[in-house]
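Examining the three-dimensional arrangement
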Amino acid sequence: MSLNKTAVSALAIAAVSATAAVAQSRDNVQVAGSSTVLPYAAIVAEAFGENFDFPTPVVESGGSSAGLRRFCEGVGENTIDIANASRAIRSGEIEACAANGVDDIIEVRIGYDGIVFASQQSGPDFSAFTPSDLFNALGAKVLVDGELVDNPHTQWSDFNADLPSVDISAFIPGTNHGTREVFEEQVIAAGCEATGAFEAMMAAGMSEDDAEDACLDVRSDGVSVDITGDYTETLARIDSNPDGIGVFGLSFYENNTDVLKVATMNGVSPSTETIASGEYPVSRPLYFYIKGAHIGVIPGLKEYASFFVSDDIAGPYGPLAEYGLVSDPELATVQANIENEVDMTE
């Protein structure tokens with residue numbers, strides 16, 4: 001079963017098109033998108049403003065999908081220059097961009113982050129999860145005694161005696177977040193297959209595509225709550241619900257270990273080391289997308305992009321790594337490609 005979405009390219013950086021348009025002049029770089037990438041971009045923007053003769057870039061959040069929608073609105077001073085994303089841009093978004101004249105897009109991979117499952121420090125002992133546990137807790141249809149039924153589980157121990165006997169309460173990323181796609185593909189879909197639910201759906205007459213979609217359906221009875229805001233909203237929900245489990249980026253968790261504790265996934269603890277090695281199973285690359293038509297027109301855009309992926313910033317000993325970003329092992333290739341692609345655009 002494969003639920004992979006279409007990416008722009010397997011390369012760290014790729015030009016979607018060489019076609020350029022003309023943007024109007026503005027004196028600062030404007031960025032919007034992923035709440036996961038937001039703290040990294042904010043660190044870079046502040047350092048950029050302090051070290052270059054350009055205004056500090058304006059960085060906003062809103063989620064990967066919202067940022068890419070804004071990015072694709074068109075070319076010109078009233079549109080953003082960069083979209084941050086915790087997933088690769090989708091083919092439909094590339095088409096939406098092209099329809100609005102945004103046909104020169106440069107993809108930049110900045111590093112990696114992990115998706116973790118965390119709860120209150122003083123809460124129940126949620127110390128170990130598998131994708132099957134999360135699917136059994138949150139899937140709309142699950143397998144019980146060989147039958148595919150509406151999810152009847154009310155407590156975690158209903159399907160795994162090693163989990164606490166407390167009511168299931170989970171706060172997961174909303175569909176506007178790139179984190180949701182990773183959560184669906186690497187946790188829920190994996191759990192659906194591991195429990196046999198996917199096979200049961202196929203046996204019941206569903207097509208493969210319909211079964212894949214059904215695997216991703218989460219229950220709508222209030223047990224699973226979509227969070228449309230950023231991780232601070234998830235943290236607030238956990239703070240008010242001692243039995244709750246929240247989905248966070250690794251870097252956010254690592255900066256809130258005083259109030260959160262994290263569970264293992266398939267027996268592996270999330271860390272920069274286990275993500276870099278590929279041992280931790282729930283991780284994803286992080287990106288930003290540059291509007292090629294704005295390079296050479298918006299002051300500082302090229303310089304900001306190059307600065308972001310420099311060794312001093314995105315390397316293993318830079319400030320982004322200190323905050324929790326897993327440095328890209330192919331960072332030198334990223335740096336070389338971005339210079340080549342930007343030079344071709346100018």
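To start, this report covers the structure provided alongside it. For clarity, every value in this text was computed on a predicted model and none was experimentally measured.

A few points about the packing of helix α1 (residues 38-51) against helix α11 (residues 301-308)
Contact pair α1 / α11: the axes reach a minimum separation of 10 Å and the direction vectors enclose 120°. Taken as axis vectors, α1 and α11 run oblique relative to one another. Of the two elements, α1 crosses α11, and the hand of that crossing is right-handed. Side by side, α1 and α11 meet where Tyr40, Ala41, Val44, Ala45, Ala47 and Phe48 of the first sit next to Glu303, Tyr304, Phe307 and Phe308 of the second. Class assignment of the residues belonging to the contact of α1 with α11 gives a composition of nine nonpolar, no polar and one charged.

Focus on the packing of helix α4 (residues 131-138) against helix α5 (residues 178-195)
At a minimum axis separation of 7 Å, α4 and α5 run at an interaxial angle of 90°. On the basis of the axis angle, α4 is roughly perpendicular to α5. The residues of α5 that touch α4, namely those facing Pro131, Ser132, Leu134, Phe135, Asn136 and Leu138, are Phe183, Gln186, Val187, Ile188, Ala190, Gly191, Cys192, Ala194 and Thr195.

So, the pairing of strand β10 (residues 245-249)
Within β10, five of the five residues are buried, leaving the element largely enclosed by the surrounding structure. Of the two faces of β10, both are covered, the one formed by Ile245, Val247 and Gly249 as well as the one formed by Gly246 and Phe248. Sheet topology places strand β4 (residues 105-120) next to β10; four bridges connect them, and they run antiparallel. In the strand pairing of β10, Ile115 is matched with Gly249. Of the strand pairs in this sheet, strand β8 (residues 170-173) and β10 are connected by two bridges, and their pairing is parallel. Opposite Phe171, over in β10, you have Gly246 as the bridge partner.

Overview of the state of the cysteines
In the structure shown here, the tally under the stated rule is two disulfides. Disulfide pairing is shown between Cys192 and Cys215; the S-S distance is 2.0 Å. Classification of the bridge connecting Cys192 and Cys215 rests on its S-S torsion, roughly -60°, and on that basis the disulfide is left-handed. With a gap of 23 residues between them, Cys192 in helix α5 and Cys215 in helix α7 (residues 208-215) connect regions that are remote in the sequence. Neither residue differs from the other here; Cys192 and Cys215 are each classed as buried. With its disulfide-bonded cysteines labelled consecutively along the sequence, the protein chain is connected as 1-2, 3-4.

Description of the pattern of salt bridges
According to the stated counting rule, one finds eleven salt bridges in the structure shown. Here Arg87 makes a salt bridge to Glu93, at a shortest N to O gap of 2.6 Å. The exposure classification of Arg87 matches that of Glu93, with both residues buried. In this structure, Asp113 engages Arg284 in a salt bridge whose closest nitrogen and oxygen atoms are separated by 3.4 Å. Residue Asp113 is found in strand β4, and its partner Arg284 is found in strand β13 (residues 283-291); the two are separated by 171 residues along the sequence. Judged on exposure class, the residue Asp113 and its partner Arg284 are both buried. What emerges from the salt-bridge pattern is a single network uniting Arg109, Asp328 and Glu330.

Considering the side chain of Asn84
For Asn84, the position within the fold is in strand β3 (residues 82-85). Excluding anything up to four places from it in sequence, Asn84 contacts Val31, Ala32, Gly33, Ser34, Val37, Ala41, Val59, Ser64, Tyr287 and Phe288.

Notes on the packing of aromatic side chains
A full pass over the atoms with the stated rule returns 19 aromatic pairs. Geometrically, the ring pair formed by Phe117 and Phe183 is tilted, given 6.2 Å between the ring centres and 45° between the ring planes. Here the residue Phe117 occupies a position in strand β4, and Phe183 occupies one in helix α5, the gap between them amounting to 66 residues. Clustering of aromatic rings is evident, with ring pairs tying together Phe48, Phe52, Phe54, Phe288, Tyr304, Phe307 and Phe308.

Definitions and limits used
- Residues numbered from 1 in each chain as written.
- Predicted model: local features only at pLDDT ≥ 70, side-chain atom pairs only at ≥ 80, totals over all residues.
- Heavy atoms only, no water.
- Axes fitted to C-alpha atoms, helices over the stretch in contact; angles between N-to-C directions.
- Helix = DSSP H or I, 4+ residues; strand = E, 2+ residues; numbered from the N terminus.
- Parallel < 35°, antiparallel > 145°, perpendicular 65-115°, else oblique.
- Left-handed = near helix turned anticlockwise from the far one by under 90°.
- Contact = heavy atoms within 4.5 Å.
- Nonpolar A, V, L, I, M, F, W, Y, C, P; charged D, E, K, R; others polar.
- Buried < 20%, exposed > 50% of the residue type's maximum accessible area, 1.4 Å probe, protein only.
- Pairing = 2+ DSSP bridges.
- Disulfide = S-S within 2.5 Å.
- Salt bridge = Lys/Arg side-chain N within 4 Å of Asp/Glu carboxyl O.
- Phe/Tyr/Trp six-rings, centres within 6.5 Å; stacked < 30°, edge-to-face > 60°.

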